[in-house]
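Structure at a glance
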Amino acid sequence: MRSNSVRILSAVLLLTAAGLAAPASAGDAARGEQKFAECATCHSVAAGANGVGPSLFGLIGRKAGTVENFRYSPAMKRSGIVWTGQTLDAFLADPQKAVPANRMPYAGLTDASDRGDLVSYLEKATK
Amino acid sequence: MVTKLKEVDVVVVGLGWTGGILSKELAESGLKVVALERGAMRSTGDDYSLPGIRDELRYVIRHDLMQNTARDTLTIRNNPSQEALPMRQLGSFLPGEVVGGSGVHWSGHTWRWTDMEFKIRSNYEERYGKNFIPADMTIQDWGITYDELEPYYERFEYTAAVSGKAGNLKGKIQEGGNPFEAPRQREYALPPLTPILASEMFTEATKKLGYHPFPRPSANASRAYTNPDGAKYGACQYCGYCQRFGCEANAKGSPHMSVIPLAMKNPNFELRTHSWVTKVLKDSDGKRVTGVAYTNILNGEEFEQPAGMVLLTAYAINNVHLMLLSGIGEPYDPVAQKGVVGKNYCYQTGVGTTLFFEGRYFNPFMSAGGSNATIDDFNINWGFDRGSHGFVGAYNVSGGFNTALPIGYRPVPRGTPQWGKVWKAATAKWYQTAMSISAAGSVMANRYNCYDLDPTYKNAFGQPLMRMTFDYKDNEVKLGRHAAALVNDIAKSMNPTTVNPANARTQWTVVPYQSTHNTGGTIMGTDPKSSVLNKYLQSWDCHNLFVVGANVFPHNASYNPTGPVGALAYWTVDAIKRYVKAPGPMVHA
């Protein structure tokens, strides 16, 4: 199980790195903030503010599934992901493909430029 | 021993949509509010999240969010000549019992009832004469108008993230909406949901037949949304788990994620869960209520909560039960036709057809409460002449799916064996390739359809169960036949491989599930002789008691009830704010 999901994610990451999506940090963070409205019912960027989803404070560079006091899926805990612009981009494109059986009820953000904007916002706002 | 607690300004009995709206608004106006809820605290994050929420056994078969019939239930009969027996398992209707109430497990269909309902007797008498309404049909005008309620409908629609397309903006008919709706001042809070294939096919077929299909308005957020109170909604993911489930994406308008958390942030508000109200207490002359008696159902401790004002905001059936148990207002007697409490219990009727299309794939596992299309040509269209058909009321027709569950939804052509190899082959063949068309019909009040206290059976607190006497009458059977014929015609025009035709219901039974649209029992009106509450939902008997919910409807329309229930809750907020400044009867009889 473990190696499987890691392998799938690695494949997604390779595709992303090969240039199918624009580098995340090139996005428009202001537009990304608007896109974040889709996430805000569950996620906050404030420290310690877990809701339906975990707080996104300190997201970049964090190991997936490690925010204290949040009940993660086993799939997310053992995904082995470290959140970066690239890993976020791959995850947000199709969450169930990137981490099968994770608990986030979100079908994915298919538009690569929207995703780039959102990731840029997250890179800035979660510091 | 009963512990007497410190008096508060307002005690709210039941914390669903109506209790949640009133608690939030009245706490913000400065009143000290205590809400007593029978059920447990539940939240999206802890309880309605993946993967646990998609559990058909827990939520559909075992009714996890519903009332426990081992503690309290109703006795049921079809007419006064029968002996009523307790309903020991839920079936035909499913009252909720958690913080959020039935507002957690509803689908989200949100309609505006119009003057066609509010002035029903006047309308029919004017057009068809007094003799058109049968002598035993106890319909009456509501004492309120659409224009009075319009801003409150809007308030509720914007609170609950209702997605839809206006059909009539300030009197101008709008392309793509419902041309028969009453004028609205603003568009819906959000645009309609994305239609599913079944809805598109229904839309095309009904257009061809000359009808006026439109997307069904529903409190399923079609995109991310922040409501006027600041509550945040996610976008609907079309997961298909609406009805009977809490929404995992916080996309379905529900009190537990909108008004209730906002009330809970207010220091003027306190919530006590597992608190079962057994009685509303009155002062010695019976002109005012003084609070409520309740039991903590976790440990059996009994309390008296004194309050300046009592608001009954439980499920419609339980509001009526509490009024009868507390002896407020004269109980209704269907034989003598005297009294008011328990009068005009109504339900809904309906017909449905399943269409099977070999080779068309509907993906029934993807849908939302509102991803259907509807026609109102035989509903709020007053141009539809009921005269030649001889019935009062209406029905709306819709095509698509609503919560077509992967395990529970098993469409097969009629005549297929119910188990075994042949059934397995049929269910594999037709699961993906079937769609449905259904009509939901009104039920008019009848003198014999009513509630009272059961003479024999008691609940866990030793109190009499409420007795429901109900059956469809000739009017509903006629309406059902008309609806079945229409639905079958639409189905035929779509040329399916095979079809399970619709049949009119002729008799009501307590199984299987039909609809959780129980109305009436403590009806609003213009005269204390024929109603329990005035137009502000204030008790005619005790002026500091307000009763809010579908129990105030003098009859039941074909539309789902939550639109007017939510609007009337906001309407009552404003009434109570005026009442607080000058306590006393707000309408003089």
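Residues numbered from 1 in each chain as written. Chains lettered and ligands numbered in written order. Predicted model: local features only at pLDDT ≥ 70, side-chain atom pairs only at ≥ 80, totals over all residues. Heavy atoms only, no water.

Notes on the overall build of chain B
Scanning chain B for helices and strands turns up 12 helices and 24 strands. Against the globule reference of 25 Å for 589 residues, chain B gives a C-alpha radius of gyration of 23 Å, in line with a compact fold. When the backbone C-alpha atoms are referred to their principal axes, chain B occupies close to 70 × 55 × 50 Å. When contacts within chain B are restricted to residue pairs at least 6 apart in sequence, long-range pairs at least 24 apart make up 76% of them. If you sum the accessible surface of chain B, you get close to 21700 Å²; carbon and sulfur atoms cover 51% of it. Taking the average place of the 58 positive charges on the side chains of chain B and the average place of its 52 negative ones, the gap between the two points comes to 3 Å. (Helix = DSSP H or I, 4+ residues; strand = E, 2+ residues; numbered from the N terminus. Rg over C-alpha atoms; globule rule 2.2 N^0.38 Å. Contact = heavy atoms within 4.5 Å. Areas by Shrake-Rupley, 256 points an atom, 1.4 Å probe, with all protein chains shown as cover. Lys, Arg positive; Asp, Glu negative; His and termini not counted. Charge placed at Lys NZ, Arg CZ, Asp CG, Glu CD.)

Description of the side chain of Ser 254 of chain B
All names here are of chain B. Structurally, Ser 254 is set in the loop between β10 (232-233) and α8 (259-264). A residue is classified by how much of its surface remains accessible, and Ser 254, at 0% relative accessible area, is buried. Among residues more than four places away in sequence, those in contact with Ser 254 are Trp 17, Gly 103, Val 104, Trp 106 and Tyr 233. (Buried < 20%, exposed > 50% of the residue type's maximum accessible area, 1.4 Å probe, protein only.)

Here's the deal with the pairing of strand β20 (residues 450-458) of chain B
Residues and elements named next belong to chain B. The sheet contact formed by β20 and strand β21 (residues 464-469) spans five bridges and is antiparallel. Across the sheet, Tyr 451 pairs through a bridge with Met 468, a residue of β21. Hairpin geometry of β20 and β21 is characterised by an intervening segment of five residues between the two adjacent antiparallel strands and by a positive phi of about 80° at Gly 462. (Pairing = 2+ DSSP bridges.)

Here we look at the interface of chain A and chain B
Every contact between the two is made by 11 residues of chain A and, on the other side, 14 residues of chain B. For the pairing of chain A and chain B, the buried interface totals around 1000 Å² over both sides, and the portion due to carbon and sulfur atoms is 57%. The largest per-residue losses of area from chain A upon contact with chain B belong to Thr 41, Arg 103 and Pro 105 of chain A, which jointly make up 50% of the total buried on that side. Between the two partners, chain A and chain B, sit zero salt bridges. Along the contact surface separating chain A from chain B lie six residue pairs in polar contact (both at pLDDT 80 or more). Taken together, the residues that form the side of chain A that touches chain B break down as seven nonpolar, one polar and three charged. (Buried area = accessible area lost by both parts, 1.4 Å probe. Salt bridge = Lys/Arg side-chain N within 4 Å of Asp/Glu carboxyl O. Polar contact = N/O pair within 3.5 Å; in protein donor to acceptor, adjacent residues only side chain to side chain. Nonpolar A, V, L, I, M, F, W, Y, C, P; charged D, E, K, R; others polar.)

Things to note about helix α11 (residues 474-493) of chain B
All names here are of chain B. Helix length check: α11 (20 residues) gives 29 Å between terminal C-alpha atoms against 28 Å at 1.5 Å per residue, within 8%. Along α11, the residues classified as buried are Asn 475, Glu 476, Val 477, Leu 479, Gly 480, His 482, Ala 483, Ala 484, Leu 486, Val 487, Ile 490 and Ala 491. Those residues of α11 hidden inside the fold are in contact with α7 (197-208), β16 (349-356), β17 (373-375), β18 (395-400), β19 (434-441) and β22 (498-500). Asn 495 occupies a position one or two residues after α11 and carries a positive phi of about 55°. (Expected span 1.5 Å × (residues − 1).)

Observations regarding unusual backbone geometry
Residues and elements named next belong to chain B. The amide bond that connects Leu 50 to the next residue, Pro 51, takes the cis arrangement and shows omega of -5°. Of note in this structure, Asn 250 is not a glycine but carries a positive phi near 50°. Topologically, Asn 250 is positioned in the loop between β10 and α8. In this structure, Asn 363 is a non-glycine residue whose phi angle is positive, near 45°. Asn 363 sits in the partly exposed class, given a relative accessible area of 26%.

Concerning the packing of aromatic side chains
Residues and elements named next belong to chain B. This model, assessed by the stated rule, comprises 41 aromatic pairs over all chains. Plain terms: the ring middles of Trp 17 and Trp 106 are 6.4 Å apart, the flat faces sit at 85° to each other, and that makes the pair edge-to-face. With Trp 17 in helix α1 (residues 17-28) and Trp 106 in the loop between α3 (102-105) and α4 (115-118), this residue pair connects regions lying 89 residues apart in the sequence. Pair check on accessibility: Trp 17 and Trp 106 agree, each one buried. Feature note: the residues Phe 93, Tyr 345, Tyr 347, Tyr 451, Phe 470, Tyr 472 and Trp 508 constitute an aromatic cluster, connected by ring pairs. Over the aromatic face of Tyr 188 sits the side chain of Arg 184, whose NZ or CZ is 3.9 Å from the ring centroid. Over the face of the ring belonging to Tyr 513 we find Arg 244, whose NZ or CZ atom lies 4.4 Å from the ring centre. (Phe/Tyr/Trp six-rings, centres within 6.5 Å; stacked < 30°, edge-to-face > 60°. Lys NZ or Arg CZ within 6 Å of the ring centre and 35° of its normal.)

A few points about the pairing of strand β2 (residues 8-13) of chain B
Residue and element names in this part refer to chain B. For β2, the tally of buried residues reaches five of six residues, placing the bulk of the element in the interior. Pairing of β2 with strand β14 (residues 302-312), which is carried by five bridges, proceeds in the parallel orientation. When the sheet's bridge partners are listed, Val 12 is paired in β14 with Leu 311. Note that β2 and strand β3 (residues 33-36) share four bridges and pair parallel. Among the inter-strand pairings, Val 11 is bridged to a residue of β3, identified as Val 34. In terms of handedness, the path from β2 via α1 over to β3 forms a crossover that is right-handed. (Right-handed = clockwise from strand over helix to strand, strands pointing away.)

Observations concerning the side chain of Asn 296 of chain B
Residue and element names in this part refer to chain B. Mapped onto the elements, Asn 296 comes out in strand β13 (residues 289-296). Asn 296 gets classed as buried once you look at its relative accessible area, which sits at 18%. Only 2.8 Å separates the side chain of Asn 296 from the backbone nitrogen of Leu 298, close enough to count as a polar contact. Discounting chain neighbours no more than four positions away, the residues touching Asn 296 are His 274, Glu 301 and Phe 303.

Things to note about the environment of Phe 365 of chain B
Residues and elements named next belong to chain B. Its location among the elements puts Phe 365 in the loop between β16 and β17. Spatially, the C-alpha atoms of Phe 365 and Gln 89 are 28 Å apart, while their sequence positions differ by 276 residues. Each residue touching Phe 365, except ones within four places of it in the same chain, is listed here: Tyr 238, Cys 239, Gly 240, Ala 404, Tyr 431 and Gln 432.

Looking at the confidence of the model for chain B
Taken over all residues, the pLDDT of chain B has a mean of 97, while the share at 70 or more is 100%. Across the assembled chains, the prediction reports ipTM 0.81 with pTM 0.94. (pLDDT = per-residue confidence, 0-100.)

So, the sheet that holds strand β4 (residues 74-77) of chain B
All names here are of chain B. If you walk across this open sheet you meet the four strands as β5-β4-β21-β20, and the pairing is mixed. A strand with exactly one partner marks an edge of an open sheet, and here the two such strands are β5 (85-86) and β20. Against the sheet, helix α9 (residues 316-326) engages β4, β20 and β21, with an angle of about 120° to β21. (Axes fitted to C-alpha atoms, helices over the stretch in contact; angles between N-to-C directions.)

Brief notes about the sheet that holds β19 of chain B
All names here are of chain B. Spatially, six strands are ordered β8-β17-β18-β19-β16-β22 in an open sheet, and the strand pairing comes out antiparallel. Edge strands, defined here as strands with exactly one partner in the open sheet, are β8 (214-215) and β22. With two bridges joining them, β8 and β17 adopt antiparallel strand pairing. Bridged to Pro 215 within β17 is Ala 373. Relative to the sheet, α7 contacts β17, β18 and β19, its axis offset from that of β18 by approximately 130°.

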